[in-house]
Amino acid sequence: MTVALPASLLLVGAGKMGGAMLDGWLKIGLPPARITVIDPYPSPAMQALADKGLTLNPALADLAPQAVLVLAVKPQMLDEAAPQLDRLIGADSVILSILAGKTITDIKERLPAARAIVRAMPNLPASIGRGVTAAVGSSGLTLAQRDLAQALLSGVGSVEWLDDESLIDAVTAISGSGPAYVFHLAECLAEAGRTLGLPADVAVRLARATVSGAGELLHQSDLAAGTLRENVTSKGGTTAAALEVLMAADGLQPLILRTAQAAKRRAAELSG
Ligand SMILES: NC(=O)C1=CN([C@@H]2O[C@H](COP(=O)(O)OP(=O)(O)OC[C@H]3O[C@@H](n4cnc5c(N)ncnc54)[C@H](O)[C@@H]3O)[C@@H](O)[C@H]2O)C=CC1
Ligand SMILES: O=C(O)[C@@H]1CCC=N1
């Protein structure tokens, strides 16, 4: 079943993540003429889209209620952004929030007119249509509104619907922030390569190709990550020697756990 894209969509905050999602929505056929963007510091890409029919920073008093309002400002900017939005919420409007930490209750407090809210946590690979988003719907969300949110979110990658909003902070710690951990792995591999004597530019290229190639293999393969790891590991070989360090009791797993716990704690601090 093809679900229609929204008749009107207001994107509040078109930075790295809002901009990435917008790119995806344009690619799946949402016409620029149906999109309005509010951002005090619009990127050149946003200005270019305005030339193609997207409405950029209009007088909000002139705007009709919107089918979908996407909240994509920093969580700390919600208080500043919200007051002007309430009158743009109609009886059937869906609020789609991607703000880390901000709960459905937090959003309802700022937008009293909101009935249907989807709290979602996407990630940056959305910019190439390869994101993963976990989402949870508020009590007032109808099936049709959930389908509309699904149509938008699946336009930028895969979607996991959750019943329990309290899990979203854990999602933020794993897949929301997760791409940064992977990019840092590429930085660490390159640094290790330099320390082992490789020219810096060669080390950067090897690390980048290794992380992206392994990621793509994981994407294309049906095999579990552990099986793919074993496929690299010859008995008594170099990878086995490396993994003895990486998989030691004080190796990567406890470090990643502490990493994710720090992110989850911060998400909780951003609520309210
Ligand atoms: N960057 C990421 O990988 C992810 C970010 N998020 C969430 O997305 C949201 C945005 O994060 P980023 O895109 O990284 O930040 P960003 O700083 O790149 O984008 C925020 C945008 O909001 C604009 N803005 C500031 N005040 C505004 C206002 N009053 N009205 C409208 N726009 C305003 C800024 O000019 C900026 O373009 C955050 O709430 C974050 O938790 C969620 C998942 C992943
Ligand atoms: O760093 C942040 O707070 C946001 C949420 C997940 C990724 N970026």
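Conventions we followed
- Residues numbered from 1 in each chain as written.
- Chains lettered and ligands numbered in written order.
- Predicted model: local features only at pLDDT ≥ 70, side-chain atom pairs only at ≥ 80, totals over all residues.
- Heavy atoms only, no water.
- 1 Å grid on protein atoms, 1.4 Å probe; cavity = no way out; pocket = protein on both sides within 12 Å on 5 of 7 lines; lining within 4 Å.
- Points joined across faces, edges and corners; volume = space filled by probe spheres on them.
- Helix = DSSP H or I, 4+ residues; strand = E, 2+ residues; numbered from the N terminus.
- Nonpolar A, V, L, I, M, F, W, Y, C, P; charged D, E, K, R; others polar.
- Domains from an automatic or database assignment.
- Near = heavy atom within 4 Å.
- Areas by Shrake-Rupley, 256 points an atom, 1.4 Å probe, with all protein chains shown as cover.
- Sits in = over half its atoms within 2 Å of the grid points.
- Axes fitted to C-alpha atoms, helices over the stretch in contact; angles between N-to-C directions.
- Parallel < 35°, antiparallel > 145°, perpendicular 65-115°, else oblique.
- Contact = heavy atoms within 4.5 Å.
- Left-handed = near helix turned anticlockwise from the far one by under 90°.
- UniProt positions renumbered as here; feature names shortened; annotations may be inferred.
- Phe/Tyr/Trp six-rings, centres within 6.5 Å; stacked < 30°, edge-to-face > 60°.
- Lys NZ or Arg CZ within 6 Å of the ring centre and 35° of its normal.
- Core = buried A, V, L, I, M, F, W, Y, C linked by side-chain atoms within 4.5 Å.
- Buried < 20%, exposed > 50% of the residue type's maximum accessible area, 1.4 Å probe, protein only.
- Pairing = 2+ DSSP bridges.
- Polar contact = N/O pair within 3.5 Å; in protein donor to acceptor, adjacent residues only side chain to side chain.

Caption draft 1: A look at the layout of surface pockets. Considering only enclosed or pocket space, the second largest pocket measures out at about 1,100 Å³ in volume. Of all the secondary structure elements, the ones that give two or more residues to the lining of the second largest pocket are helix 1 (16–27), helix 3 (78–81), helix 6 (168–176), helix 7 (178–195) and helix 11 (252–270). Element by element, the count of residues in the lining of the second largest pocket is highest for helix 11, at 4 residues. Of the residues contributing to the lining of the second largest pocket, the split by class is 23 nonpolar, 9 polar and 5 charged. Three or more residues apiece are contributed to the lining of the second largest pocket by two domains, here domain 1 (9–168) and domain 2 (178–270).

Caption draft 2: Local environment of the site of ligand 2. As a structural note, the neighbourhood of ligand 2 is formed by Ala 100, Gly 176 and Ser 177. For ligand 2, whose accessible area on its own is 250 Å², the fraction buried by protein is 47%. Comparing atom positions with the cavity grids shows ligand 2 to sit within the second largest pocket.

Caption draft 3: Structural view of the packing of helix 6 against helix 7. Where helix 6 contacts helix 7, the two axes come as close as 5 Å, and the packing angle between them is 30 degrees. Relative to helix 7, the element helix 6 is oriented roughly parallel. Between helix 6, through Ala 173, Ile 174, Ser 175 and Gly 176, and helix 7, the contact on the second element is made entirely by Gly 178, Pro 179 and Tyr 181. Classifying every residue of the contact of helix 6 with helix 7 gives 4 nonpolar, 3 polar and no charged.

Caption draft 4: How the structure looks around the packing of helix 7 against helix 8 (residues 200–220). Look at helix 7 against helix 8: their axes get within 8 Å of each other, and the N-to-C directions meet at 145 degrees. Considering the relative orientation of helix 7 and helix 8, their crossing is right-handed. Residues Val 182, Leu 185, Ala 186, Leu 189, Ala 190, Gly 193 and Arg 194 of helix 7 pack against Ala 200, Ala 203, Val 204, Ala 207, Thr 210 and Val 211 of helix 8. Classifying every residue of the contact of helix 7 with helix 8 by side-chain character gives 10 nonpolar, 2 polar and 1 charged.

Caption draft 5: Spotlight on the UniProt feature "domain: Pyrroline-5-carboxylate reductase dimerisation" (unreviewed entry) in the protein. The UniProt record marks residues 165–270 with the feature "domain: Pyrroline-5-carboxylate reductase dimerisation" (unreviewed entry), using the residue numbering of this structure. The span residues 165–270 carries 79% helix and 0% strand; its end-to-end C-alpha distance comes to 15 Å.

Caption draft 6: Main features of the side chain of Thr 133. Note on placement: Thr 133 falls in strand 7 (residues 131–137). In this view, Thr 133 contacts Ala 120, Met 121, Pro 122, Leu 153, Ser 158, Val 159 and Glu 160; residues no more than four positions away in its chain are not counted.

Caption draft 7: Region of the structure containing the packing of aromatic side chains. For the structure shown, the criterion picks out 0 aromatic pairs. Arg 146 extends its terminal NZ or CZ atom over the ring of Trp 161, reaching a point 4.3 Å from the ring centre.

Caption draft 8: How the structure looks around the nonpolar core. In this structure, Leu 9, Leu 22, Trp 25 and Val 37 are the most contacted members of the largest nonpolar core, which totals 33 residues. Per-element tally for this core: the top contributor is helix 5 (residues 143–153), with 5 residues. Not counting residues up to four positions away in its chain, the partners in contact with Trp 25 are Leu 9, Leu 30, Val 70, Leu 96, Leu 152, Leu 153 and Val 156. Listed in part, the 28 residues of the second largest apolar core include Leu 10, Leu 85, Leu 111 and Ala 134.

Caption draft 9: Representation of the sheet that holds strand 2 (residues 35–38) within the structure. If you trace the 8 strands from one edge of the open sheet to the other, you get 3-2-1-4-5-6-7-8, paired in mixed fashion. Since the sheet does not close on itself, it has two edges, and those belong to strand 3 (55–56) and strand 8 (157–161), each with one partner. Note: strand 2 against strand 3, 2 bridges, orientation parallel. Across the sheet, the residue bridging to Thr 36 is Thr 55, located in strand 3. Packing against the sheet, helix 5 makes contact with strand 1 (9–12), strand 4 (66–71), strand 5 (89–97), strand 6 (116–121), strand 7 and strand 8, and its axis sits at approximately 145 degrees to strand 8.

Caption draft 10: Fine view of the environment of Thr 55. Take Thr 55: it is sitting in strand 3. Of the residues examined, Thr 55 reaches a relative accessible area of 30% and is grouped as partly exposed. For the pair Thr 55 and Ser 212, spaced 157 residues apart in sequence, the C-alpha to C-alpha distance is 36 Å.

Caption draft 11: Highlighting the site of ligand 1. Lining the immediate surroundings of ligand 1 are 23 residues, of which Lys 16, Met 17, Asp 39, Val 73 and Ala 100 lie closest. The contact in question runs from an oxygen atom of ligand 1 to an N or O atom on the backbone of Val 73, over 2.6 Å. Contact between ligand 1 and Ala 100: an oxygen atom at 3.0 Å from a main-chain N or O atom of the residue. The protein chains hide 84% of the 820 Å² of surface that ligand 1 would expose on its own. Among the detected pockets, ligand 1 sits in the second largest pocket.

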